[in-house]
Amino acid sequence: MGAARSVAESIRDPGYTPSVRHTVALLDLLGADDTAADAARALLRLGEAAVEPTLREFEASRSPLRGRLVDVLGDLAKEGFAVDRIRAFLLARLADEDAKTRRNAVIALAHHDDAAVERALIEYWRREPREDHRRSVRSEEHTSEL
């Protein structure tokens with residue numbers, strides 16, 4: 001707990017560069033409303049080293065952490081880390097039970113210029129009953145067919 005407390009204090013500093021050994025603590029802090037944004041920023045600084053632990057954390061996670069993990073992974077892919085692996089993960093999240101997770105996956109996939117992504121987003125738009133989610137797809141440049 002002492003290390004997590006230290007990390008929780010450190011992540012408030014915009015110049016904080018985390019250690020890989022703090023990844024688990026950062027993922028824990030991502031689950032708390034008051035530390036989520038700072039923890040996400042710190043995880044992005046870990047780059048490639050954050051990908052696998054974040055993917056593993058997702059499997060046992062619940063809302064709201066699920067959506068936040070999707071955001072972090074989307075941002076990691078946008079930075080060029082494990083793009084193919086994360087793209088496949090995000091595509092699978094389009095069928096996630098959690099609405100926020102699905103919507104965050106749609107938003108993250110907008111950064112992938114890929115025909116399979118475009119087809120998946122169009123199919124998602126056609127089956128998604130929530131208008132706010134459909135708007136997220138419609139606003140993306142990849143879905144000109146909508």
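Here goes a summary of the coordinates provided. Note that the coordinates shown come from a computational prediction; the quantities given were computed from them, not determined experimentally.

**A few points about the packing of helix α7 (residues 99–109) against helix α8 (residues 115–127)**
Each pair of packed helices can be described by the angle between their axes along with the distance between the axes.
Alright, step 1. Their axes nearest at 11 Å, the elements α7 and α8 cross at an angle of 145°. Crossing angle aside, the handedness with which α7 passes α8 is left-handed. Residues R102, R103, V106 and L109 of α7 lie in contact with α8, whose contacting residues are V117, L121 and Y124.
Alright, step 2. Here the residues of the contact of α7 with α8 are counted per class, giving 5 nonpolar, no polar and 2 charged.

**Focus on the nonpolar core**
Alright, step 1. In this structure, I11, L30, L43 and L90 are the most contacted members of the largest nonpolar core, which totals 38 residues.
Alright, step 2. With 7 residues, helix α5 (residues 65–78) is the largest single contributor of residues to this core.

**Focus: the side chain of N104**
Alright, step 1. Secondary-structure assignment places N104 in helix α7.
Alright, step 2. There is a polar contact of 3.4 Å between the side chain of N104 and the side chain of D71.
Alright, step 3. If we skip the residues at most four places from it in the chain, N104 touches G67, R68, V70 and D71.

**Some remarks on the packing of aromatic side chains**
Alright, step 1. Counted by the stated rule, this structure contains 1 aromatic pair.
Alright, step 2. Plain terms: the ring middles of F58 and F89 are 5.0 Å apart, the flat faces sit at 90° to each other, and that makes the pair edge-to-face. Of the two residues, F58 is situated in helix α4 (residues 48–60) and F89 in helix α6 (residues 83–93); the sequence distance between them amounts to 31 residues.
Alright, step 3. A residue is classified by how much of its surface remains accessible, and F58, at 1% relative accessible area, is buried.
Alright, step 4. Accessibility expressed as a relative area gives 8% for F89, which makes it buried.
Alright, step 5. Above the plane of the ring of F89 lies R93, whose end atom (NZ or CZ) is 4.7 Å from the centre.

**What about the side chain of H112?**
Alright, step 1. Assignment of secondary structure puts H112 in the loop between α7 and α8.
Alright, step 2. Separated by 3.1 Å, the side chains of H112 and R87 make a polar contact.

**A few points about unusual backbone geometry**
Alright, step 1. The linkage connecting S63 with the following residue, P64, adopts the cis geometry, with an omega of 5°.
Alright, step 2. Within the element layout of this structure, P64 appears in the loop between α4 and α5.
Alright, step 3. One non-glycine residue, A82, adopts positive backbone phi at about 45°.
Alright, step 4. Among the structural elements, A82 can be located in the loop between α5 and α6.

**Section: the pattern of salt bridges**
Alright, step 1. Tallying each qualifying case throughout the model produces 7 salt bridges.
Alright, step 2. One salt bridge in this structure joins R66 and D96, with 2.6 Å as the shortest N-O distance. Here R66 is found in helix α5, whereas its partner D96 is found in the loop between α6 and α7, with 30 residues between them in sequence.
Alright, step 3. Judged by relative accessible area, which is 15%, R66 ranks as buried.
Alright, step 4. Exposure remark for D96: the relative accessible area of 7% places this residue in the buried category.
Alright, step 5. Put simply, D75 and K78 hold a salt bridge, and the shortest N to O gap is 3.8 Å. Residue D75 and its partner K78 are located together in helix α5, separated by 3 residues, close to a single helical turn.
Alright, step 6. We classify D75 as partly exposed; its relative accessible area is 29%.
Alright, step 7. According to the relative accessible area criterion, K78 is partly exposed, its value standing at 46%.
Alright, step 8. Bridged by salt links that share partners, the residues R66, R93 and D96 form one connected network.

Definitions and cut-offs
- Residues numbered from 1 in each chain as written.
- Predicted model: local features only at pLDDT ≥ 70, side-chain atom pairs only at ≥ 80, totals over all residues.
- Heavy atoms only, no water.
- Axes fitted to C-alpha atoms, helices over the stretch in contact; angles between N-to-C directions.
- Helix = DSSP H or I, 4+ residues; strand = E, 2+ residues; numbered from the N terminus.
- Left-handed = near helix turned anticlockwise from the far one by under 90°.
- Contact = heavy atoms within 4.5 Å.
- Nonpolar A, V, L, I, M, F, W, Y, C, P; charged D, E, K, R; others polar.
- Core = buried A, V, L, I, M, F, W, Y, C linked by side-chain atoms within 4.5 Å.
- Buried < 20%, exposed > 50% of the residue type's maximum accessible area, 1.4 Å probe, protein only.
- Polar contact = N/O pair within 3.5 Å; in protein donor to acceptor, adjacent residues only side chain to side chain.
- Phe/Tyr/Trp six-rings, centres within 6.5 Å; stacked < 30°, edge-to-face > 60°.
- Lys NZ or Arg CZ within 6 Å of the ring centre and 35° of its normal.
- Salt bridge = Lys/Arg side-chain N within 4 Å of Asp/Glu carboxyl O.

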